[in-house]
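Residues per chain are reported as follows:
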Amino acid sequence: MAGETVMTVQGNLVDDPELRFTPSGHAVAKFRVASTPRTYDKSTNEWRDGESLFLTVNAWRKLAENVAESLHRGARVIVRGALKQRSYEDSNGVKRTVYEIEAEDIAASLQRATAVITKANGQQRQQNSGGYGAQQSGYGQQPANDPWATNSQQQRGYSDQPPF
């Protein structure tokens, strides 16, 4: 992302991620995030919402698949990526400009929610009962072919030899 405008946005998913595949087979997930600033009004002792910023987020390849599998409408997320500007003409001939984020990383916000983090290793996933639909294999559990397993994990049947 050298030379690009990198930004971080915190907000809520306005819709479920839409997962599609390019003709060459690459996954792309698209969704919108609404980020609404809040300020405290001392004169009324109340919190006030500012004007919401709606941004379209595009995620590619494995990130896209993980997003589509893990996040749903209403989920609070933190998105980091490159801000892109795209111009086009609509069906009425009016020139439009849209701003989108080409996501480098996306995370569920844990400010008001919990999540179970599971390493995504293809077919070794198991269904989970909580946290934005994240997959669960249990905290501290590693697949048998994990190249990052430690010596203490070898005693439980894990190898520190890479699977390749």
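Position numbers for residues start from 1 in each chain and track the written sequence from start to end. The predicted nature of this model means local features are confined to residues of pLDDT at least 70 and side-chain atom pairs, given and counted, to a pLDDT of 80 or more, with totals for whole chains, interfaces and linings taken over all residues. Side-chain figures throughout are based on the complete set of non-hydrogen atoms in the structure, without hydrogens or water.

- Per an unreviewed UniProt entry, the protein chain carries the name Single-stranded DNA-binding protein and comes from Streptomyces similanensis.
- UniProt positions are given in the numbering used here, feature names are shortened, and annotations may be inferred rather than shown by experiment. Under the Subunit (unreviewed entry) heading, UniProt states for the protein chain: "Homotetramer."

Some remarks on the nonpolar core
- Each nonpolar core is a collection of buried residues, namely Ala, Val, Leu, Ile, Met, Phe, Trp, Tyr and Cys, held together in the definition by side-chain atoms within 4.5 Å. In this scheme, a residue with accessible area under 20% of its type's maximum is buried, one over 50% is exposed, and one in between is partly exposed, where area comes from a 1.4 Å probe on protein chains only. Counting 19 residues, the largest nonpolar core has Val57, Val79 and Ile106 as the members making the most contacts within it.
- Elements supplying a minimum of two residues to this core: β1 (6-13), β3 (27-35), β6 (53-60), α1 (61-70), β7 (76-89) and β8 (95-108).
- What counts as a helix is a DSSP run of H or I of at least four residues, what counts as a strand is a run of E of at least two, and both are numbered from the N terminus. Of all the elements, β3 adds the most residues to this core, at four residues.

Topic: the pairing of β3
- What makes two strands pair is DSSP finding at least two bridges between them. Judged from the two bridges that link them, β1 and β3 form a sheet pairing that is antiparallel. Note that in β3 the partner of Leu13 across the bridge is Val33.
- As paired elements, strand β2 (residues 18-21) and β3 share four bridges and run antiparallel to each other. Across the sheet, Phe21 pairs through a bridge with Ala27, a residue of β3.

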